[in-house]
Amino acid sequence: MPYRPPLVAHEYFVADPPELPVRSHGEGGLSALISAEPVASDAAGVILKAVTSAEETLLVQVGVAGEGVIRVRLGQDADARTRSAAAISMVTPGEFAGARVESRDGTIVLDAGSLRAEITLAPWHLRFTDASGAPLLEQDRGHTDISGRLRTLPFGRSSADGAVVGYHESFVAPADEAFGGFGESFTRLDKRGQRPVMWNFDAFGAESQRAYKNIPFYLSSRGYGVLVDSGTPVEFDVCQSTHSCVQIVVPDDLIDYYVIAGPTPPEVLGRYDLLTCRPLLPPKWAFGTWISSGFFVDTQERVMARARRIRERGIPCDVLHLDTYWQTDGHWSDMRWDAEGFPDPAGMLAELDAMGFKVCLWMNPYVSHLSPAFPQAAESGYFLKKPDGEVYVADCWHGSYPACGIVDFTNPAATEWFKGLLRPLLEQGVQVFKTDFAEGVPHDAVAANGMSGTDLHNVYTLLFNDAVSEVTREIAGHGMVWARSSFLGGQRHSAQWSGDTYTSYAAMGSTLRGGLAHGMSGVPFWSHDAGGFTGRPTDDLYVRWTQFGALSPLLRLHGTTSREPWEFPEVEAEAVEALRLRYRLMPYIYTAAVEAARTGAPMMRALCVDHPDDPVAWQADLQYLLGRDLLVAPMTSPEQVRKVYLPQGEWVDHWTGEILPGGRYVTVAPPLDRIPLFARRGAIVPVLADPGGTVGDGTFGEITLVAYGVGGGSGLYTGPGSGAGERSTVVSDLDGDTTITAVPEGEGLRMTVSGSARIAGVELVGPGVPIVITTI
C-alpha cells in the first residue's frame, strides 16, 4: 500500500488494493533461484529448469523480443501468463533477425544487437550489457544484515499459508543512478527513494504517489528501461528500503519483464512502443483551447451565451467542454441529455459547429442506481457483480453521489450496449468524450469472464477507453478520448489529463511533475486543468497556470468554479495573451505532436530526455522542453521569482533576445504577462504569421520562421544529420512535412524550403544576419 501518514484521516476509496502478507521473523516461504540448466534453446532464446532455495523447480525463459529488447519470464511452467491477459493483451514481443544464443563454460549469452544478456547457471546470476560489453543492469545477489537475515527479495517467488503470493526480482542500483517513469506520479521526477504501487487510484488531487495512471515501466539514467507485463498491483521498491537495490514484487502467476536498450530515453521509448503501441495523434483541432462549463449546473442557454462571448471577445478556442450537468443530476452517467436544461441539443450542436466549436461531453463507466437505465442494465448482466452474484452497487463517488453499477466491459454484450448509448450523441454532432473515473473496480468484484476485481482493476480503464475510442472513430472519424485513468499501452488513448488537482502554486508544480513522469512513461499527449480544479485560483495563479497550460501538449480551462477568462477581469488580458501565444506557436506545437506520435518521445520533455548524461537534468523537474527547442519554466510559486536550469549549449531568452550560456542556473523574475521561455540558440521555430481564433481542420496559413540568435559567430549549432553550421527544421501539417534547411552563405544564411508549407518570412530574436529564402 502507498504510505499513509499517522494521525491523518485516510481517504476513503471503494477500490483499495489488497495487501500482500508480511513475512514474520523466522518464517519460511521464500524460494530464490540458486542454479539452472538449459532444457531447450534456439537462435532467439533459451528455456531453463531452475532449482530454488526451497527445493522447488521453476521454469526460466530468456529470449530476444526485438532489437535491443530481452524478455525474462519466471513461472511454474511455460504456459503461465499474467492473469490480466484474460481481458486484454498489453505487450506483444517482437523478433530480431540478428539474434544469437551462445553457450560456453557454464554461461549462456543472448545477443539482441544493442543489448546482451549473460546468464551464469551455477550459482544463478543474470546481467545485461550493451553491445560493447559495458554493464547496464544486473540482478542483486541478496543483501543480508549482521544477523544473516535477507533484506532484499531475490529472483524467485514467495508463498504464504501454502499458496504462492507473488514473484520478485531485484536489481543492483549504483548510488548515482536515477529513475523516471511509472506513469503519472506527482512526486519528484527521480523516483529513487520512492515505492510506486501499480494500482490506479482516485488520486484525490495531484500531490502524492497516488496516481490515476500507473504504468509498470521505468527508465534509468544508465541508458535502459524495464517493463513488467502484468495488470496486477506490482510494487517497485526503488531504493527505498535498500539504497542500492530496485526490488520488484509481482502478485501474479509469474514474473514477465523486458529489459529495453537505449542508450537515450527516446530510443528506449521507441522500442517500448514496438512492444505496446504507438501513441495516437489527436485531431489537429484538439491542440486548440478547450474551455469547460466547469463542475456546476449548466444549460443550453448558458452554453450558447458562453460560445458567443468567446467569439465576441476574440478568445482563441476550438473546443467547448460540457461537464456532468448535460445529464440529469442523480442519473450520471446514463448518457441522456437533461431535457429541461438542454431542450434542443441537436440544434445547439449544429449552431456551435457553425461557430467553429467542437463539443466534448463528460461521462464515466458508472451508472447511478437511481437512473432509469439501471434496472434493465442490471437485469441484462451489464454490471460487475459481487461474489454472491448480486450487482456490485459501489460508492464510486466517495459518498458525494449516489452509488453506482460499474459497466462490465469483459461482457461483449455490455460493451455493445454501452457503445449504443454513445452512438446517437456522436451522430448528433458531439466530437469527443471526456472519459472520467474508471479507477473504481473493487478488488472483490467478479467480472463476466470470471476475473476478480484485483486482476481486472488496472486494465479496466483500457477496456473502457477502447470502447469509447472505437465508437468515436466509427462516427466521428478519429479515436480521441480525454481520459483520466490509464495503464500499460494506454498511449493509444489520446489525450489524458491529470485529474482533480488542488488550486495552488504547489499543486501546479506537482501536476507538472506528473506530466513529465507520464511523458517518460510513453504517453506524450497530456494535459491538466489550467487554473487548478478544486476551488478558485487567485488572479495571479490563474494567469500563471494558463501560461503553463498554453505551453503544454494540450490545453483545457476547467474547475469547480469558472475558468472563463472574463471571470478574472483584472487579468483577462494576460490570460488571453497566453492563449494567443499558443495559437501563434501552433505549427511548432503540431510538428512536435506529429514527431511524438511517430517516435513515442514526449512532447513535454523532461530535460533528461534530451540531456540524459547531465545529472542535473534528472533533478530539474519544474521545467521542461516543449518539443526539441523551447525551454519552458512555469512560475510555480507565488514569490514570482525562480531559478531556471539551462542545459549545456547556448540559450536565447524569447522575450528579450539575450543569449545565455548553458550548464548553469539563472534567476528570473518575469512580469505577470510573461512565462520564462528560452530557445536553443540557432533554433528555427515555425509560427503562424496571422493566427486566428481556431486551429480548425485545415492546413496552416502563412508561416513565419523565427530564428533565435543566428548571428554572432556560433549562431547555428550542429544538429543530428546536419553539416557544420547547418540546421534543419521540419514543419508537419495535414498534407505532409516541409523541411527548412539553413546553411551559412557569406555573411548571412540561405534557407531552403522543401515542401508545401507557405513561408511568409523570417523574424530574428537576438543577433541576426541577412537571410535569403529559396523554395524548391
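Higher on the page you've got the structure.
Quick caveat: nothing in here was measured; it's all calculated off a predicted structure.

## A few points about the overall build of the chain
Check the secondary structure of the chain and you find twelve helices and 44 strands. For 776 residues, the compact-globule estimate of 2.2 N^0.38 gives 28 Å, and the chain sits close to it at 27 Å. Counting across all 776 residues of the chain, residues that qualify as buried make up 61%. The contacts in the chain between residues at least 6 apart in sequence include a share of 68% that link residues at least 24 apart. On the chain, roughly 27,000 Å² of surface is accessible, and the fraction owed to carbon and sulfur atoms is 51%. Of the charged side chains in the chain, 61 are positive and 93 negative, and the gap between their average positions amounts to 3 Å.

## Remarks on the environment of Q428
Tracing the backbone shows Q428 in helix α5 (residues 412-428). Sequence-wise, Q428 and A305 are 123 residues apart; in three dimensions their C-alpha atoms are separated by 20 Å. Those residues within four positions of Q428 in sequence are excluded, and the remaining contacts are W337, P345, A346 and L349. Here the side chain of Q428 touches W337 through a polar contact of 2.8 Å, side chain to side chain.

## A word on the sheet that holds strand β39 (residues 703-708)
Strand order in the open sheet formed by three strands is β38-β39-β43, and the pairing between neighbours is mixed. The sheet is open, and its two borders are formed by β38 (684-688) and β43 (759-765), each paired with just one other strand. Here the strands of the sheet are splayed against their neighbours by 30° on average, with no regard to which way each runs. Pairing of β38 with β39, which is carried by five bridges, proceeds in the antiparallel orientation. Residue pairing for β39: P686 is matched across the bridge by L705. Sitting on the sheet, helix α11 (residues 586-599) touches β38 and β39, and the angle it makes with β38 is about 115°.

## Some points on the sheet that holds strand β44 (residues 771-775)
Strand order across the open sheet formed by four strands is β40-β41-β42-β44, with mixed pairing between neighbours. A single partner strand is all that each edge strand has here, and the edge strands are β40 (727-733) and β44. Across the sheet, the mean angle separating the axes of adjacent strands is 20° when strand polarity is ignored. Taken together, the five bridges between strand β42 (residues 748-754) and β44 define a ladder with parallel strand orientation. Directly across from V753, in β44, lies its bridge partner T775. Packed on one face of the sheet, α11 meets β40 and β41 (736-745) and runs near 90° to β40.

About the criteria used
Note that residues are indexed from 1 along each chain, following the sequence as it is written. With the structure being a predicted model, the display of local features is reserved for residues of pLDDT at least 70 and the display and counting of side-chain atom pairs for 80 or more, all residues being used for whole-chain, interface and lining totals. Heavy atoms throughout the structure, all of them, feed into the side-chain values; hydrogens and water do not. Working definition: helices are DSSP H or I runs of at least four residues, strands are E runs of at least two. Numbering for both runs from the N terminus. Here the globule rule reads 2.2 Å times residues to the power 0.38, and the radius of gyration is calculated from C-alpha atoms. Type-normalised accessible area, obtained with a 1.4 Å probe on protein chains alone, sets the label of each residue: buried when under 20%, exposed when over 50%, and partly exposed for intermediate values. Contacts between residues were defined by any pair of non-hydrogen atoms, one from each residue, lying within 4.5 Å. Each accessible area is a Shrake-Rupley result for a 1.4 Å probe, and residues are judged covered by the shown protein chains and nothing else. For the purpose of charge, His is not counted, nor are the chain termini; Lys and Arg are scored as positive and Asp and Glu as negative. Where a charge lies is defined by one atom per residue type, namely NZ (Lys), CZ (Arg), CG (Asp) and CD (Glu). Whenever a nitrogen or oxygen atom comes within 3.5 Å of another N or O atom, the pair is scored as a polar contact, on the condition that within protein one atom can donate a hydrogen and the other can accept it, and that pairs from neighbouring residues in sequence are kept only if both atoms are in side chains. Paired strands are those between which DSSP finds at least two bridges. For every element, the axis is a line fit to its C-alpha atoms; helices are fit only across the contacting stretch, and the angle between N-to-C directions ranges from 0 to 180 degrees.

Everything listed here is a matter of geometry and, on its own, says nothing about what the molecule does.
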